[in-house]
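Residues per chain are reported as follows:
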Amino acid sequence: MSAAVLQVSDVDKRFPGVHALRGVSLTLAAGRVHALVGENGAGKSTLIKVMTGVYRPDAGTVALGGEPVFFGGPIEAQRAGISTIYQEINLVPLMSVARNLFIGREPRRFGLVDVRTMNRRAVAVLREYGLDVDTAAVARPLRALGLGAQQMVAIARAVGVEARVVVMDEPTSSLERREVVTLFEVIRRLRAKGIAVLYVSHRLDELYSICDDVTVLRDGAVVHTGALSDVDRLGLVSLMLGRDAAAVRSDGVTAFSSDHGDAVDAVDRLVLRAENIEVRHRVHGVSLAIRPGEVVGLGGLLGSGRSETAKAIAGGLRRDGGTVEVSGRRLRRDTVAAAVRAGVVLLPEDRKAEGIVPSLSVRQNIVLAALPRLSRAGLLAGRKQDEVVAYFMDRLRIKAASPDQKVAELSGGNQQKVLLARWLCLRPKVLLLDEPTRGIDVGAKAEVQRLIDELAGDGLGVLLISSELEELIEGSDRVVVLREGRAVAELAGADVTERHLMHALASEPEADGDD
Amino acid sequence: MTELSLGRQHLRWVGWLRDYGVYAGIVVLLAVDTALNPDFLASSDLRVQTFQLVPTLLVSLGMATVIATEGVDLSVGAVIALAAALLPLYLGYNAGLAIAVCLAGGLLAGLVNGLMVAVAGVQPIVATLAMMIGLRGVAVIFNGNQAKPVLDPTLSALGLDSVLGVPIMAWLALAVVLALVFLVRRTTFGQHVLAVGDNRTASRLAGLPVRRVLLTVYVIAGVLAAAAGVLLVGHGAEADPANQGLNIELAAITAVVVGGTPLTGGRIRVVGTVAGALFMQLLSATLIQHDVPNSYAQILEAAIICVAVYAARDRGSR
């Protein structure tokens, strides 16, 4: 192994009621990509925050290049050469690409920002990161770029500050497949430069294609550390979960049961029928039908119109055409309230921006949509609310200190369960799930997947959107594939396989285009 | 993120300041006042304070409701002017009718504000700024530029008389405070206000009646401002639409902010708003009593606003 750049030794960190890190040690070596994995609450984010100066450890040391360091804050850590790239992109969308890149260290001339030099240097830097830009492109506002390109700018910016260590916290969660490939090239380039990379991700594929070493955290302690090639996927999952590898093998990688469709054959009426859904520029005449107890997958690459289709069905996005029928009855109005009343509910893709109401409590978030039913003449019925909240917190195993805890303080997986509870307490007929397991840890993911199975078993119709092929394939009875806002394929039965799906996703657009 | 880097001790201190600072401020002011003037609490001065406080308080409560939805209502002063202009026009029939017309005027102004914000999607500060300018113009057209004397027994009772030793208008304010607390804590509407203020997109996707909620908060603010206008006219025994309620929107925003309601929405502190209004009132009274020049008083008020905003700034983080 090459020289240790960053060494975390015996770090302990406690929060009121939680022992977040217990004697954790981690060594990042120059020119190696180190994977940090673990379930939610395992202590990954706390560890990152200790390394990057956000938290101060209660015990233990952080050493950079052999010297113990004490950071007063993230900026000091950054100056010392530890750069962090967070899931969300911390840039200014309205400023130009070049300005974002050089924010706080713009090249100057006569005391003013030297825009021409700045743009020229931005082009040079970004080309190194595989972005095909020219001086006109870097002068445009950042938001003109795609999310993936924005992520590259964020990385270029972070690494530009003479980084010796780069911490990436789920860098691919908003990237398309193609952009992930570019990101990996960048990571390889960083590695070649002798930079130590800490890579946090839930996606096993990514870990195995880019990482050299791995450290597994469970309950705040290191349960395994070593070369990634020494442990296979199943071994890694079982280390994270603390479960037996054999049990994981027999249960499959996802928690979906394999026997779908028994309910489907029996019942032939439709619980949801969406015909010719149109959303200008986004969705062009997509039709979907879901039977009770059926899980219909909606596949497609980023930007194919999956989320927009689901939103348009749920009334969250204005339909420019098309009809929605629930149990044979047509929705008259194109609003969320009308859809909810009819029993169609949407779990939105962006949990933070569109799902949770962060400063309200878990209780308030759960009952939010059900308030009219949990109240009499506009007055809240406290007792009835408590019962509903207690039932769903128990059934979905929502981990919170109390129902009165702020929902923003929960982990991603628990927030997602709160949102599910918000809809389930309305007893919906159709669940539209947009990336229900994105950004949540392995354990919660399995729970959510199992829950989707159970709900379908209870007779709900489910529309499942997922970017993860295995989730889509194992979770769905049928898969409708979208491309550029049109349904281009439907896979059913034995055809629901990764090969068929990849083929449908990757095939060239047909000449006629319309379905 | 950056807040987390601050010492936790420090954070706790800021949180305490946000949650209880205004109450501590009131206690300190009262202590200073009684120390300097042992008769302070007993003096009839307290009644005078109440008369000055209540109209601002009513306006502040409406303002707090609007601010909880991440909005603001700059037109409250103009609504007071409208009420002052409408009152003399209808007093000839019957005081009750005149008051009802005033409140209806406030309701209408709030409705227009709400429609601009909720339906047309105009930013609250712009929508209500337009209303603030235009409505005062309307009020002066109704009334003319001259103040009119208003000598109606019902109105002056509302403005001056007491029941059980407490001014009627203070009882009114108490009723409004209790009603608002109830509204926020115990009704679906209150929950909707907080949810819409905290995350409007999520609220919309959860099927909440977002437009109706926004419309309603501006109507509440309008009606409360009109009520404040009625009290001001009754107390002053004159209707002066050109001057009554001038700058009261700023006093109200100050009271709300000092009371710990963040301008970013999603939270409302009703009792805190009362305390905020009371604190600012006590502060200016204290300074006047001790002949501190007005310019210094203004600088002090500004400092207090800054501290309050600083303390309320990190509502999201732990």
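Residues numbered from 1 in each chain as written. Chains lettered and ligands numbered in written order. Predicted model: local features only at pLDDT ≥ 70, side-chain atom pairs only at ≥ 80, totals over all residues.

A. Layout of the overall build of chain B. Looking only at helices and strands, one finds 14 helices and four strands in chain B. Whereas a compact globule of 318 residues would reach a radius of gyration of roughly 20 Å, chain B reaches 20 Å, a difference of no more than 12%. Based on the C-alpha atoms only, the size of chain B along its principal axes is roughly 65 × 55 × 35 Å. The 318 residues of chain B split such that 49% are buried. Taking all contacts inside chain B whose residues are at least 6 apart in sequence as the whole, residues at least 24 apart take part in 79%. (Helix = DSSP H or I, 4+ residues; strand = E, 2+ residues; numbered from the N terminus. Rg over C-alpha atoms; globule rule 2.2 N^0.38 Å. Buried ≥ 20, exposed ≤ 12 C-beta atoms within 10 Å, placed from the backbone. Contact = placed C-beta atoms within 7 Å.)

B. Representation of the overall build of chain A. Looking only at helices and strands, one finds 20 helices and 24 strands in chain A. Against the compact-globule benchmark of 24 Å for 515 residues, chain A has a radius of gyration of 24 Å, which places it among compact chains. Overall, the C-alpha framework of chain A stretches about 70 × 55 × 50 Å when taken along its three principal axes. Residues counted as buried form 49% of the 515 residues belonging to chain A. Summarising the internal contacts of chain A: among those between residues at least 6 apart in sequence, 69% fall at separations of at least 24.

C. Quick peek at the interface of chain A and chain B. Facing the 30 residues of chain A at the interface are 25 residues of chain B. Taken together, the elements giving at least two residues each to the side of chain A that touches chain B come down to helix 13 (336-342), helix 14 (351-355) and strand 20 (379-380) of chain A. Class assignment of the residues belonging to the side of chain A that touches chain B gives a composition of 19 nonpolar, eight polar and three charged. (Nonpolar A, V, L, I, M, F, W, Y, C, P; charged D, E, K, R; others polar.)

D. Examining helix 4 (residues 115-128) of chain A more closely. Residues and elements named next belong to chain A. Taking 1.5 Å of rise per residue, 14 residues should cover 20 Å, and helix 4 covers 20 Å from first to last C-alpha, within 8% of that figure. In this structure, the buried residues of helix 4 make contact with helix 3 (97-102), strand 8 (112-113), helix 5 (135-138) and helix 6 (147-160). Following helix 4 by one or two positions, Gly-130 has its phi on the positive side, about 80 degrees. (Expected span 1.5 Å × (residues − 1).)

E. Examining the sheet that holds strand 5 (residues 67-69) of chain A more closely. Residue and element names in this part refer to chain A. Read from one edge to the other, the open sheet built from four strands follows the order 2-1-4-5, with strand pairing classed as antiparallel. The open sheet has two edge strands, strand 2 (18-29) and strand 5, and neither has a second partner. Averaged over all pairs of adjacent strands, the angle between their axes in this sheet comes to 30 degrees, without regard to strand direction. Bridge count for strand 1 (residues 4-15) against strand 4 (residues 59-64) is five bridges, and the pairing is antiparallel. Of the residues in strand 4, the one forming a bridge with Ser-9 is Thr-61. The strands touched by helix 1 (residues 44-51) are strand 1, strand 2 and strand 4; relative to strand 1, the strand with the most contacts, the crossing angle is about 120 degrees. (Pairing = 2+ DSSP bridges. Axes fitted to C-alpha atoms, helices over the stretch in contact; angles between N-to-C directions.)

F. Up close: the pairing of strand 22 (residues 461-465) of chain A. Residue and element names in this part refer to chain A. The element strand 22 is largely enclosed, with a buried count of five among its five residues. Taking every second residue as pointing to the same face, both faces of strand 22 are buried, with Gly-461, Leu-463 and Ile-465 on one and Val-462 and Leu-464 on the other. Alignment of strand 15 (residues 295-299) against strand 22, held across four bridges, turns out to be parallel. Looking at strand 22, one finds that Gly-297 is bridged to Leu-464. Where strand 21 (residues 430-434) meets strand 22, five bridges bridge the pair, whose relative direction is parallel. Paired with Leu-432 across the bridge in strand 22 is Leu-463. In the classification by handedness, the crossover that spans strand 21, the intervening helix 18 (residues 442-457) and the parallel strand 22 is right-handed. (Right-handed = clockwise from strand over helix to strand, strands pointing away.)

G. Just the packing of helix 12 (residues 248-258) of chain B against helix 13 (residues 270-289) of chain B, in detail. Residues and elements named next belong to chain B. At a minimum axis separation of 7 Å, helix 12 and helix 13 run at an interaxial angle of 120 degrees. Classified by the angle their axes make, helix 12 and helix 13 are oblique. When the axes of helix 12 and helix 13 are compared, the crossing they make is right-handed. Along its contact with helix 12, which presents Ala-251, Thr-254, Ala-255, Val-256 and Val-258, the element helix 13 presents Thr-273, Gly-276, Ala-277, Phe-279 and Met-280. Of the residues contributing to the contact of helix 12 with helix 13, the split by class is seven nonpolar, three polar and no charged. (Parallel < 35°, antiparallel > 145°, perpendicular 65-115°, else oblique. Left-handed = near helix turned anticlockwise from the far one by under 90°.)

H. Here's a closer look at the pairing of strand 10 (residues 196-200) of chain A. Residues and elements named next belong to chain A. Burial within strand 10 is extensive, with five of its five residues counted as buried. Side chains of strand 10 alternate between two faces, with Ala-196, Leu-198 and Val-200 and Val-197 and Tyr-199 buried alike. Pairing analysis gives four bridges linking strand 3 (residues 33-38) to strand 10, with the strands arranged parallel. Following the sheet pairing, Val-33 is matched in strand 10 by Val-197. Both strand 9 (residues 165-169) and strand 10 contribute to a ladder of five bridges, which runs parallel. Across the sheet, Val-167 pairs through a bridge with Leu-198, a residue of strand 10.

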